[in-house]
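# Reading the structure
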Amino acid sequence: GLETLSLRMKAHSENAMEIAEWLQQQPQITKVNYSGLKDHPGHELAKKQQSGFGGVVSFEVAGGQEAAWQLIDGTRMISITANLGDTKTTVTHPGSTTHSRLTPEDRKRAGISDGLVRIAVGLESIEDIKKDVALGLAAIR
């Protein structure tokens, strides 16, 4: 409910920042998109407009769609869905779900590569989330 929204959003944002920083250190990840990261092109604007940076992180996996799907299929705790805003962490492949109706050219213009994965970071233990993403990364062949 609304009574706990500010507490939940703070936790979502803190977990998302930690997972974004962790993802930047993973060799299979070629790019991390999260406005909380200082090197994100919209960081300064987001800092002025918001009190936090939200709970959604996207990142590109080397190896394109096949590697992205392997990562997603390799997770165990994270739910595979295109939903956002749940208390539990969810993951999706935007190119084949939420943005599948766009042409490949339109997806490219929108910055949606075949290797893009989106995580809506939930309220679970950040260590559990990292472990599950690490399982997914280990599943990439």
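Residues numbered from 1 in each chain as written. Predicted model: local features only at pLDDT ≥ 70, side-chain atom pairs only at ≥ 80, totals over all residues. Heavy atoms only, no water.

### Here's the deal with the layout of surface pockets
The criterion, for reference: Cavity and pocket criteria rest on a 1 Å grid covering protein atoms alone: a 1.4 Å probe that fits but cannot get out defines a cavity, protein on both sides within 12 Å along at least 5 of 7 lines defines an open pocket, and an atom within 4 Å of a point defines a lining residue. Grid points are joined across faces, edges and corners, and a volume is the space filled by probe spheres set on the points. Helix and strand definitions here come from DSSP, where helices need a minimum of 4 consecutive H or I residues and strands a minimum of 2 consecutive E residues; each element is numbered from the N-terminal end. The classification used treats Ala, Val, Leu, Ile, Met, Phe, Trp, Tyr, Cys and Pro as nonpolar, Asp, Glu, Lys and Arg as charged, and all other residues, Gly among them, as polar.
Here the largest pocket is characterised by a volume of approximately 160 Å³. Among the elements that make up the lining of the largest pocket, the one with the highest residue count is strand S1 (residues 29–33) (five residues). A breakdown of the residues in the lining of the largest pocket according to their chemical character gives three nonpolar, four polar and two charged.

### Digging into helix H1 (residues 5–24)
To keep things clear, this is the line we draw: Any helix carries an expected span of 1.5 Å times its number of residues minus one. Only protein chains enter the accessibility calculation, which uses a 1.4 Å probe; a residue whose area is less than 20% of its type maximum is buried, one above 50% is exposed, and one in between is partly exposed. We call two residues contacting when some pair of their heavy atoms lies within 4.5 Å.
With 20 residues, H1 extends 28 Å between its outermost C-alpha atoms, agreeing within 8% with the 28 Å of an ideal straight helix rising 1.5 Å per residue. Listed as buried for H1 are His-12, Ser-13, Asn-15, Ala-16, Met-17, Ile-19, Ala-20, Trp-22 and Leu-23. Buried-residue contacts for H1 involve S1, strand S2 (56–61) and helix H5 (126–138).

### Focus: the sheet that holds S2
In plain terms, the rule: Only when DSSP finds a minimum of two bridges between them are two strands counted as paired. Interaxial angles span 0 to 180 degrees and are taken between N-to-C directions of axes, which are lines fitted to C-alpha atoms, for helices over the stretch in contact.
Strands sit in the order S1-S2-S5-S4-S3 across an open sheet of five strands; the sheet is mixed. Whereas interior strands pair on both sides, the edge strands pair on one side only; in this sheet they are S1 and strand S3 (79–80). Alignment of S1 against S2, held across four bridges, turns out to be antiparallel. Looking at S2, one finds that Asn-33 is bridged to Ser-58. Taken strand by strand, H1 contacts S1 and S2, and its axis lies near 15° from that of S2.

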